[in-house]
Amino acid sequence: MNFTRRRILAASGASALAIPASRAFAQKAEFTYKYANNLPVSHPMNIRAKEMADAIRAETQGRVDIQLYPNNQLGSDTDMLSQLRSGGIEFFTLSGLILSTLVPSASISGIGFAFNDYASVWKAMDGELGAFIRGQIAKANLVVMDKIWDNGFRQITSSSKPIATPEDMKGLKIRVPVSPLWTSMFKALDASPASINFAEVYSALQTRIVDGQENPLAIIATAKLYEVQKYCSLSNHMWDGFWFLANKRSWDKLPQDLQAIVAKNINAAGMKERADVAELNANLQKELAAKGLAFNQPDPTAFRAQLRKAGFYSEWKSKYGDEAWALLERGAGKLA
Ligand code: X2X
């Protein structure tokens, strides 16, 4: 077993990542910045972010101290996005799809069944499509790091029935994150999507406000969603990633040499997080099955055909515009 999986299994509660007061740098930091996110402390995002914060503290001789606030401690994604914009927090990682509530084209990477594998994801997101999206994010007055962090290919879980064909989606009460693209996609599949922030997902499933949700295996495992779900359909229906964002005023306060150290370490941590998540998503099925989740592997062709029939691709192509859509298809192949 690799080290990430061992740590995820060993980690329990916030104590696993409690940050000890840094004794190495007794003086108060010049820049004490908050980094907040929505994921459990045991997810590779928080494991790598903690290493990253330590490395930044060391490399800046204690001048920059990034403090982690994982697991929606500071509120839901919606709350954290407004805190980021107002300067209440300095750093935040957010799915491009949720960011699209502010930067509409940021959801384009989540179009259903666009990417077949990680090779095409990274080629697009580290290439022209990613550069285009980052340009749009910058226009919204936010700073975004070059390397997007991985969330993964998403899978559908439910407490009521296995999802094998598009017909099984009919009327399924399924939680989706707060994003027009997500709602549109699951409506096109004839499901009944409910927009709910991740902070509320476990309890929404537990109390049966919704029957299902969709997320990569690394999140189903670390957020313990398997405790409140029975079936998992390996639909790989979309890829999702987290942009590492900064408040512009706070970022501009950092002298250039410190900006360079911070950006370098954030991007390097993101690359490690990508490797961790890809490995987890490839290997967690057995562990989750042992915990009682029943897996099935649907044929994606029928789902894609249903989306096409419902007009999903042509609708979103006209929303994003030809330029952005061409960049997506350059990485993903012909969609609409
Ligand atoms: O809200 C979700 O489902 C999550 C954790 O995958 C995102 O942040 C998009």
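K.L.:
For the site of the ligand, give the residues involved together with the corresponding values.
P.N.:
Near the ligand lie 14 residues; those nearest to it are Asn38, Asn151, Arg154, Arg175 and Asn215. Separating an oxygen atom of the ligand from a side-chain N or O atom of Arg154 is a distance of 2.9 Å. A distance of 2.6 Å separates an oxygen atom of the ligand from a polar atom in the side chain of Asn215. Isolated, the ligand exposes 270 Å² of accessible area, and the fraction of that covered by the protein chains is 100%. Placement of the ligand is best described as lying within the largest cavity. Grouping the constituent residues of the shell around the ligand by class yields 7 nonpolar, 4 polar and 3 charged.

K.L.:
An account of the packing of helix H2 (residues 44–59) against helix H11 (residues 256–290) is needed here, citing residue identities and associated values.
P.N.:
Put simply, H2 and H11 touch, their axes get as near as 9 Å, and they point 155° apart. Regarding the angle of H2 to H11, the classification is roughly antiparallel. Classified by chirality, the crossing of H11 by H2 is right-handed. Contacts between H2 and H11 pair Pro44, Met45, Arg48, Glu51, Met52, Ala55, Ile56 and Glu59 from the former with Ile261, Val262, Lys264, Asn265, Ile266, Ala269, Lys272, Glu273, Asp276, Val277 and Leu280 from the latter. When grouped by side-chain class, the residues that make up the contact of H2 with H11 number 11 nonpolar, 1 polar and 7 charged.

K.L.:
Can you lay out the side chain of Ser159 for me, pointing to particular residues and giving the numbers?
P.N.:
Among the secondary structure elements, Ser159 is positioned in the loop between strand E6 (155–158) and strand E7 (173–176). A residue is classified by how much of its surface remains accessible, and Ser159, at 8% relative accessible area, is buried. The residues touching Ser159, leaving out its near neighbours within four places in the chain, are Arg208, Asp211, Val228, Gln229, Lys230 and Tyr231.

K.L.:
Explain the pattern of salt bridges residue by residue, including any values.
P.N.:
In total, this model carries 17 salt bridges according to the counting rule given. Taking the shortest distance from any N to any O, the salt bridge between Asp65 and Arg57 comes out at 2.9 Å. Overall, Arg57 belongs to the buried group, its relative accessible area being 10%. Between Glu128 and Arg330 there is a salt bridge, and its shortest N-O distance comes to 2.8 Å. Residue Glu128 is found in helix H6 (residues 128–139), and its partner Arg330 is found in helix H14 (residues 322–332); the two are separated by 202 residues along the sequence. One continuous salt-bridge network, built from bridges that share partners, spans Lys50, Asp54, Arg57 and Asp65.

K.L.:
Tell me about the packing of aromatic side chains, residues and numbers included.
P.N.:
Within the structure shown, the criterion is met by 14 aromatic pairs. When the ring of Tyr118 is compared with that of Phe153, the centres are 5.3 Å apart and the planes differ by 75°; the resulting orientation is edge-to-face. With Tyr118 in helix H5 (residues 118–125) and Phe153 in strand E5 (residues 149–153), this pair connects stretches of sequence that are 35 residues apart. Measuring from centroid to centroid gives 5.6 Å for Trp122 and Trp239, while their planes differ by 85°, and the two rings are edge-to-face. Here the residue Trp122 occupies a position in helix H5, and Trp239 occupies one in strand E11 (residues 239–247), the gap between them amounting to 117 residues. Given a relative accessible area of 17%, Trp122 falls into the buried group. Here the aromatic cluster, defined as three or more aromatic residues joined through ring pairs, consists of Phe31, Tyr33, Tyr35, Phe91, Trp149, Phe244 and Trp251.

K.L.:
Hey, could you go over helix H7 (residues 180–188) for me, with residue numbers and the actual values?
P.N.:
Of all the 9 residues making up H7, 7 are buried; the element is thus mostly covered by neighbouring parts of the structure. Along H7, the residues that are buried comprise Leu181, Trp182, Thr183, Ser184, Met185, Phe186 and Ala188. Downstream of H7 by one or two residues, Asp190 has phi in the positive range, about 70°.

K.L.:
Give a description of the pairing of strand E3 (residues 91–95) that names residues and reports values.
P.N.:
In terms of burial, E3 is a largely internal element, 5 of the 5 residues being buried. Neither face of E3 is open: one carries Phe91, Thr93 and Ser95, the other Phe92 and Leu94, and all of them are buried. Note that strand E1 (residues 31–36) and E3 share 2 bridges and pair parallel. Counterpart to Tyr35 in the pairing with E3 is Phe91. Inspection of the sheet shows E3 paired to E11 by 5 bridges, in the antiparallel sense.

About the thresholds
Residues numbered from 1 in each chain as written. Predicted model: local features only at pLDDT ≥ 70, side-chain atom pairs only at ≥ 80, totals over all residues. Heavy atoms only, no water. Near = heavy atom within 4 Å. Polar contact = N/O pair within 3.5 Å; in protein donor to acceptor, adjacent residues only side chain to side chain. Areas by Shrake-Rupley, 256 points an atom, 1.4 Å probe, with all protein chains shown as cover. 1 Å grid on protein atoms, 1.4 Å probe; cavity = no way out; pocket = protein on both sides within 12 Å on 5 of 7 lines; lining within 4 Å. Sits in = over half its atoms within 2 Å of the grid points. Nonpolar A, V, L, I, M, F, W, Y, C, P; charged D, E, K, R; others polar. Axes fitted to C-alpha atoms, helices over the stretch in contact; angles between N-to-C directions. Helix = DSSP H or I, 4+ residues; strand = E, 2+ residues; numbered from the N terminus. Parallel < 35°, antiparallel > 145°, perpendicular 65-115°, else oblique. Left-handed = near helix turned anticlockwise from the far one by under 90°. Contact = heavy atoms within 4.5 Å. Buried < 20%, exposed > 50% of the residue type's maximum accessible area, 1.4 Å probe, protein only. Salt bridge = Lys/Arg side-chain N within 4 Å of Asp/Glu carboxyl O. Phe/Tyr/Trp six-rings, centres within 6.5 Å; stacked < 30°, edge-to-face > 60°. Pairing = 2+ DSSP bridges.

Nothing here speaks to function; it is geometry throughout.
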